[in-house]
Number of protein chains: 2
Amino acid sequence: MELKFLQKLAMPAQTKIAMIIMDGLGGLPLEPGGKTELETAHTPNLDALAARSALGLTIPVGPGITAGSGPGHLSIFGYDPIEYEIGRGALEALGVDFELSPDDLAARGNFCTLDANGLLTDRRAGRIPNELGRELAELLRTIKIDGVEFFIEPVKEHRFAFVMRAPALGEKLSDTDPLKIGVTPLPIYAGGPESEKAAEFANRFIRQAGSLLVDKQPANMIMLRGFAKFPKIPSYQEIFGLHSAAIAVNGMYRGVAKLVGMTVLPLEGTTIADEFSAMEKNWNEFDFFYLHIKQTDTCGENGDFEGKVGVIEQVDALIPRLIALQPEVIIVSGDHSSPAVLKAHSWHPVPTLLYSKDVRPDGISEFGERACLRGSLGVLPAKNIMPIALANAGRVAKYGA
Amino acid sequence: MELKFLQKLAMPAQTKIAMIIMDGLGGLPLEPGGKTELETAHTPNLDALAARSALGLTIPVGPGITAGSGPGHLSIFGYDPIEYEIGRGALEALGVDFELSPDDLAARGNFCTLDANGLLTDRRAGRIPNELGRELAELLRTIKIDGVEFFIEPVKEHRFAFVMRAPALGEKLSDTDPLKIGVTPLPIYAGGPESEKAAEFANRFIRQAGSLLVDKQPANMIMLRGFAKFPKIPSYQEIFGLHSAAIAVNGMYRGVAKLVGMTVLPLEGTTIADEFSAMEKNWNEFDFFYLHIKQTDTCGENGDFEGKVGVIEQVDALIPRLIALQPEVIIVSGDHSSPAVLKAHSWHPVPTLLYSKDVRPDGISEFGERACLRGSLGVLPAKNIMPIALANAGRVAKYGA
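The residue numbering used here restarts from 1 in each chain and proceeds along that chain's sequence as written. Naming scheme: in the order in which they are written, chains are lettered from A and ligands are numbered from 1. Only residues with pLDDT of at least 70 get local features here, since the model is predicted, and only at 80 or more are side-chain atom pairs given and counted; chain-wide, interface and lining totals rely on the full set of residues.

Asks: In this structure, what is going on with the overall build of chain A? I would like to understand it.
Replies: Strands are runs of DSSP state E lasting at least 2 residues, helices are runs of H or I lasting at least 4, and numbering of each runs from the N terminus. Looking only at helices and strands, chain A has 14 helices and 13 strands in total. The atom set for the radius of gyration is the C-alpha atoms, and the globule formula is 2.2 Å times the number of residues raised to the power 0.38. Taken over the C-alpha trace, chain A has a radius of gyration of 22 Å; the compact-globule value for 401 residues is 21 Å, and the two agree within 12%. Our exposure labels follow a C-beta count within 10 Å of each residue's own C-beta, placed from the backbone: buried means 20 or more other C-beta atoms, exposed means 12 or fewer, and partly exposed covers the counts in between. Looking at the 401 residues of chain A, the share that counts as buried comes to 53%. Put simply, of all contacts in chain A between residues at least 6 apart along the chain, 72% involve residues at least 24 apart. Note on contacts: residues are paired as contacts if their backbone-placed C-beta atoms lie within 7 Å.

Put into C-alpha cells, the structure is as follows:
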C-alpha cells in the first residue's frame with residue numbers, strides 16, 4: 001500500500017498514539033529449544049498489555065534482510081525503507097542537530113592515529129575525550145577551500161559530523177577508512193562523473209586536515225565515510241496528520257525522527273525513566289510519541305543475554321506510567337532483532353504488540369517471539385504497523401462508499 | 001523486494017545450502033479431517049529436522065494460482081515467476097541439453113496417430129519406443145524451409161523438442177494439440193503480427209511432416225505446443241554469488257536449473273538414492289545444491305495417495321545422509337502441491353522447512369501441512385525463501401547503518 005493512498009484517507013482525531021521501540025528487541029535462545037531474551041524477561045506489565053492487544057512479528061526491510069537502525073526505524077515509522085534510503089552521513093549530521101539543506105553532502109568523520117610512516121595504528125585515535133574532540137573540530141573549521149563551505153560538528157569522543165555545502169555535489173563517494181590498521185587511509189574515489197567535484201573537495205580537505213593535525217597525536221589525522229545527502233521524506237504531519245514527538249538519547253535516533261518531521265523533546269537525564277518523564281511532561285502537546293530505548297541493542301551487540309533481559313525488565317517496570325497516560329494506541333516493538341547469541345543485528349522478525357480498545361484481542365497473555373507468532377497481526381512488513389495504529393486511533397477514513 | 005536489491009547485499013561466505021524439492025509435495029486428506037500425504041508419511045528424520053527449523057507454507061505464484069513446474073521452480077529458486085516466464089517449449093529444449101540462442105523459438109513436439117479421415121485417434125502415438133522416436137526425428141530433420149533452420153531433438157517415446165531458428169520470430173503461437181481425440185489437430189495461429197512469420201514456418205513444417213510420416217502409423221503425424229523463447233534470467237552466480245549444482249533425473253528440472261546457471265551433475269542411476277550419492281560425491285565443489293525428486297508429483301497426478309506417502313518415506317530415510325554433510329542451511333519444500341485426491345497440480349501452499357543453527361526454532365516436531373501453518377515463516381511467497389536461506393548462510397550484508 002502506497003503512502004499516498006493512506007495520506008488521502010488520513011483524518012484528524014483527538015487521539016494519541018505511543019510507540020515504544022526497544023532497539024534490537026528480537027532475539028534468539030541461548031540453546032536450541034530455549035527461551036529468547038524477551039521470553040526470558042519477567043514482564044508482568046507487558047504480558048498484561050499483550051492480553052488486551054494484537055500481537056505479531058514485523059519484518060523491517062524484507063525477508064532475510066538484516067536492517068540497520070535507519071531503515072529499521074523508517075519501516076516501523078511507516079515508510080518503505082528501500083524507497084527511502086538514508087545514508088549514514090546524513091543520519092550522523094541529523095543526530096547532532098545540524099540542519100541539512102538540499103545542497104549539503106554529509107559524512108561521518110573521525111579522528112585517527114597514524115604512525116611516522118603514515119600507517120594507521122588506531123582507527124579511533126584512542127577515543128579522545130569529548131573536550132579534545134571539540135577543540136580539534138574548531139581547528140578543522142579553519143580550513144577554507146574556494147567553491148565549497150565546510151561544517152564540522154563534534155559528535156562525541158573521536159567522532160564528528162562532516163558536511164560540505166556547494167551546488168550539485170554528487171554523493172557517490174567512497175570511504176577513506178580501510179577498516180584495518182597497518183595500512184594508510186584510502187583516498188576518496190568518485191563513483192561517477194557527477195561526484196568528481198565532491199571527491200576533489202573532500203580529498204583536499206583531508207590533506208589540509210593532515211597538515212593541521214600533524215602534531216596532535218593521537219588525533220593526527222581524520223577519516224570520512226558514509227557520504228550521503230538528505231533524502232526527501234514526506235513528514236508525519238503531511239502524511240498522517242500527526243503532530244509528533246521523539247524521545248531518544250542517542251543522536252542517530254533523534255536524527256531519523258527529525259527526518260520524518262518529529263519534534264525531538266529535551267531530556268533531563270539519560271535513563272529510560274527520564275525518557276518516560278519527558279513523555280509525561282509533554283503529553284498534552286503532541287498526538288504521537290516515539291520513545292526509543294537503546295540499551296537492548298547495545299546488550300545484544302555485546303552478546304550480553306542477561307543484560308538485554310534486564311533492560312527489557314526495566315522497560316516493563318515503566319509501562320504502568322505509559323498506561324496511566326491513557327493513549328488510545330500503544331505500539332511496543334523494535335527496529336530490528338539483535339540476538340545476543342549473534343552479537344549483531346539480524347534478519348529475524350521482531351515481536352510487536354499493538355494495543356487499543358478496538359483491537360481484536362488474540363487472547364495471548366505473553367509478549368515474546370513465539371507468543372507473537374500466534375498473534376493476529378501475523379508476520380507482516382513493519383511498515384504496515386502505522387496504518388493499523390492510525391486506524392485504531394480513529395484516524396483513517398473509510399475507503400469507498 | 002527486488003532481486004537487484006538483494007544482489008547489492010549478497011556477500012561471499014564459506015557456507016553451503018542444500019535445497020531438497022519433492023515435486024508436488026503439498027497434499028490434501030483423502031477424507032475431511034483426515035491427514036495429507038505428508039502428514040500420513042512416517043518421517044522421523046524430517047520431523048527431527050523440523051524441530052530445529054523454521055516452518056511455513058510457500059505460495060509459488062500467487063493466491064489461488066496453480067503453478068506448473070517451471071514457475072514453481074523459479075519461485076522456490078528466488079525469482080518472481082510472473083516476471084520471468086518460461087514457456088514449456090523452452091524448458092523442453094533445455095531439458096535435452098539443446099543450447100537455445102536468442103533467435104530460437106522452441107516448442108514441445110510429439111508424434112500422434114490420425115485415422116484415414118485425419119482425425120486424432122491417439123494423442124501420444126501409442127507411446128512409441130524411444131528408438132523409433134529417434135528414427136522419426138531423423139526423418140523430420142530432412143525438412144528444409146527457406147529463411148529458417150529447424151532442430152529436432154528426441155526426448156523420449158513419442159516426445160521431441162522442436163526449435164526454429166530465424167531472426168525476429170515472435171513467440172505468440174497457439175498449440176496444435178486439441179487435447180481430445182476424434183477431431184483434427186489444430187493449425188497454428190499467430191497471436192499478433194510479430195508472430196505471423198513464425199506461425200507460417202511452423203504450419204509449413206507440420207504439413208511437410210504429415211507427408212513424410214504418412215505411412216509411419218501409429219506415428220503418422222506431429223503436434224506442437226508450448227511455443228516459447230528463452231527468457232533472460234540473471235544467474236545464481238550473478239545474483240546470489242552462489243556456485244550452484246542441480247541434481248535431477250528429468251529433463252525439465254535439469255532445464256530450469258540450467259536456466260538459472262546451475263551446473264547439472266551427472267547421475268550414476270535414476271533412483272533417489274543415486275541423487276543423494278551425486279550430492280555427496282560433488283559436495284566440496286559447490287555452495288548450493290538443488291536436489292529434485294519427481295515421484296511425489298507423479299504419484300499425486302496419478303491419484304496414488306499411498307504411493308506418494310511411500311516416496312516421501314523414501315526421501316525421509318535418506319535425510320540422514322544429507323545431515324551428515326553438515327550444510328549450514330537445509331530447505332525441504334516442493335515446487336507446488338499435487339494432492340492425490342485431485343490427481344493434478346493445485347494452488348495449495350506448499351509445506352516448507354528451513355533449517356540452520358541460527359533459525360528461531362518454532363518448537364514444532366513435525367513436518368506437515370498443519371504443522372507448517374504454525375511455523376514462524378508464516379504463509380509466504382516461495383520466492384522469499386532464498387533470501388532467508390542466504391541470510392542464515394551468512395551471505396547477506398546489513399542494509400543501512
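Asks: Honestly, the nonpolar core in this entry has me stumped. Any pointers?
Replies: Side chains that are nonpolar tend, in soluble globular proteins, to be buried together. Among the nonpolar cores identified, the biggest contains 130 residues, and A106(B), A202(B), I247(B), F289(B), Y290(B), L354(B) and A389(B) are the most heavily contacted of them. The contacts of A106(B), once residues within four sequence positions are left out, are G89(B), A90(B), E92(B), A93(B), L100(B), A161(B), F162(B), V163(B) and A228(B). Among buried residues, those of type Ala, Val, Leu, Ile, Met, Phe, Trp, Tyr and Cys that are joined through C-beta atoms within 7 Å form a set called a nonpolar core. With 123 residues, the next largest nonpolar core counts I128(A), A228(A), L259(A) and A389(A) among its residues.

Asks: Is there a simple way to think about the relation of the copies chain A and chain B in this case?
Replies: Two chain copies, one operation linking them: a rotation about an axis together with a shift along it. All copies are superposed by least squares; the fitting set is the C-alpha atoms of residues with a pLDDT of at least 70 in both. Superposing chain A onto chain B requires a rotation of 125 degrees together with a translation of 0.3 Å along the rotation axis, leaving an RMSD of 0.5 Å. Both copies of the chain, as the preceding transformation shows, are related through a three-fold rotation axis. Little of the interface of chain A is mirrored in chain B: 4% of its interface residues are interface residues there too.

Asks: Hey, could you run me through the interface of chain A and chain B in this one?
Replies: Often, the extent of an interface is quoted as the loss of accessible area upon association of its parts. The partner chain B presents 21 residues to the 28 residues of chain A that form the contact. At the level of secondary structure, the elements contributing two or more residues to the side of chain A that touches chain B comprise helix 4 (69-76), helix 5 (88-95), helix 13 (369-373) and strand 13 (378-381) of chain A. When residues are sorted by character, Ala, Val, Leu, Ile, Met, Phe, Trp, Tyr, Cys and Pro go into the nonpolar class, Asp, Glu, Lys and Arg into the charged class, and all the rest, Gly among them, into the polar class. Among the residues making up the side of chain A that touches chain B, the classes are represented as 14 nonpolar, 11 polar and 3 charged.

Asks: Looking at this structure, how should I read the packing of helix 3 (residues 44-51) of chain A against helix 12 (residues 305-324) of chain A?
Replies: A pair of packed helices can be characterised by two numbers: the angle between their axes and the separation between those axes. All names here are of chain A. Interaxial distance between helix 3 and helix 12 falls to 7 Å at its minimum, and their mutual angle equals 55 degrees. Relative to helix 12, the element helix 3 lies oblique. Residues P44, N45, L46 and L49 of helix 3 form the contact with helix 12, whose participating residues are D316, I319 and P320. Of the residues assigned to the contact of helix 3 with helix 12, the class counts are 5 nonpolar, 1 polar and 1 charged. Axis angles are defined between N-to-C directions and span 0 to 180 degrees, where every axis is a line fitted to C-alpha atoms and, for a helix, only to the segment in contact. By the definition adopted for this analysis, an angle is roughly parallel if under 35 degrees, roughly antiparallel if over 145, roughly perpendicular if from 65 to 115, and oblique otherwise.

Asks: Honestly, the domain arrangement of chain A in this entry has me stumped. Any pointers?
Replies: All names here are of chain A. Per the domain assignment, the segments making up chain A are domain 1 (13-86 + 233-392) and domain 2 (91-228). Note that domain bounds follow an automatic or database assignment of domains. Once you take the C-alpha centre of each, domain 1 and domain 2 turn out to be 33 Å apart. Counting from both sides, the interface comprises 9 residues of domain 1 and, opposite them, 6 residues of domain 2. In terms of residues, the side of domain 1 that touches domain 2 owes the most to one element, helix 9 (residues 251-259), which gives 7 residues. Grouping the constituent residues of the side of domain 1 that touches domain 2 by class yields 4 nonpolar, 3 polar and 2 charged.

Asks: Whenever I open this one, unusual backbone geometry confuses me. Can you help?
Replies: Most peptide bonds are trans, and most residues other than glycine sit at a negative phi. Residue and element names in this part refer to chain A. Q217 connects to P218 through a cis peptide bond whose omega is 5 degrees. Inspection of the secondary structure puts P218 in the loop between helix 7 (196-212) and strand 7 (221-228). For L179, which is not a glycine, the phi torsion comes out positive at approximately 65 degrees. Following the sequence through the fold, L179 ends up in the loop between strand 6 (159-165) and helix 7.

Asks: Can you help me understand helix 9 (residues 251-259) of chain B in this one?
Replies: In an α-helix, one full turn covers 3.6 residues, which means residues spaced three or four apart are oriented alike. Residue and element names in this part refer to chain B. Helix 9 sits mainly inside the fold: 8 of its 9 residues count as buried. Looking only at helix 9, the buried set comprises G251, M252, Y253, R254, G255, V256, A257 and L259. Contact partners of the buried residues in helix 9: helix 4 (69-76), helix 5 (88-95), strand 5 (149-156), strand 8 (244-247), strand 9 (263-264) and strand 10 (288-293). One or two positions beyond helix 9, positive phi appears at G261, with a value near 90 degrees.

Asks: I keep staring at the environment of L114(B) and nothing clicks. Help me out?
Replies: Residue and element names in this part refer to chain B. Tracing the backbone through its elements, the reader meets L114 in strand 3 (residues 104-114). By C-beta crowding, L114 is classed as buried, having 20 other C-beta atoms within 10 Å. Linking L114 and T184, residues 70 residues apart in sequence, is a C-alpha distance of 7.9 Å. Apart from residues lying up to four places away in sequence, L114 is in contact with L119, L120, T121, N220 and M221.

Asks: Which parts of the structure should I look at to understand the sheet that holds strand 8 of chain B?
Replies: The pairing of strands in a sheet happens through backbone hydrogen bonds and is either parallel or antiparallel. Residues and elements named next belong to chain B. If you trace the 8 strands from one edge of the open sheet to the other, you get 9-8-10-1-11-12-2-13, paired in mixed fashion. For this open sheet the edge positions go to strand 9 and strand 13 (378-381), each flanked by a neighbour on one side alone. Seen against the sheet, helix 14 (residues 385-392) touches strand 1 (17-22), strand 2 (53-59), strand 11 (329-333) and strand 12 (350-355) and runs at an angle of roughly 160 degrees to strand 11. Two strands form a pair only when DSSP identifies at least two bridges running between them.

Asks: Before we go on, may I ask you to explain the environment of P361(B) in this structure?
Replies: With respect to the helices, strands and loops of the structure, P361(B) is situated in the loop between strand 12 and helix 13 (369-373). When near neighbours in sequence (up to four residues on either side) are disregarded, P361(B) contacts P32(A), G33(A), A51(B), R52(B) and S53(B).

Asks: I'm lost on the packing of helix 5 of chain A against helix 9 of chain A in this one. Help?
Replies: Residues and elements named next belong to chain A. Between helix 5 and helix 9, whose axes approach to 7 Å, the crossing angle comes to 95 degrees. Relative to helix 9, the element helix 5 lies roughly perpendicular. Contacts from L91, L94 and G95 of helix 5 reach helix 9 at G251, M252, R254, G255, V256, K258 and L259. Here the contact of helix 5 with helix 9 is built from residues that sort into 5 nonpolar, 3 polar and 2 charged.

Asks: Can you help me understand the pairing of strand 7 (residues 221-228) of chain B in this one?
Replies: Moving residue by residue along a regular strand, the side chains alternate between the two faces of the sheet. All names here are of chain B. Of all 8 residues in strand 7, 8 are buried, a share of seventy percent or more. Note: strand 3 against strand 7, 6 bridges, orientation antiparallel. Each residue of the ladder has a partner; that of R108, found in strand 7, is R225.

Asks: Quick question: what am I supposed to make of the confidence of the model for chain A here?
Replies: Low pLDDT means the predicted coordinates in that region are not meant to be read closely. Confidence in the prediction of chain A, expressed as mean pLDDT, is 95, and 100% of residues score 70 or more. Model confidence for the complex: the whole-complex pTM is 0.84, and ipTM, which rates the interface, is 0.82. pLDDT runs from 0 to 100 and stands for how confident the predictor is about each residue.

Asks: Would you explain the sheet that holds strand 10 (residues 288-293) of chain A in this entry?
Replies: Residue and element names in this part refer to chain A. The 8 strands are arranged 9-8-10-1-11-12-2-13 in an open sheet whose pairing can be described as mixed. Strands with a single pairing partner mark the edges of an open sheet, and in this sheet they are strand 9 (263-264) and strand 13. Sheet analysis places strand 2 (residues 53-59) next to strand 13, joined by 4 bridges and oriented parallel. Bridged to G56 within strand 13 is G378. In the packing of helix 10 (residues 272-281) onto the sheet, the strands contacted are strand 8 (244-247) and strand 10, and the crossing angle to strand 10 comes to about 175 degrees.

Asks: Can you help me understand helix 3 of chain A in this one?
Replies: Residues and elements named next belong to chain A. Taken residue by residue, helix 3 has L46, L49 and A50 as its buried positions. Buried residues of helix 3, seen end-on, are gathered within an arc of 105 degrees and therefore sit on one face of the element. Taken together, the buried residues of helix 3 touch strand 2, helix 12, strand 11 (329-333), strand 12 (350-355) and helix 13. Directions drawn from the helix axis to the C-beta atoms are what define this arc.

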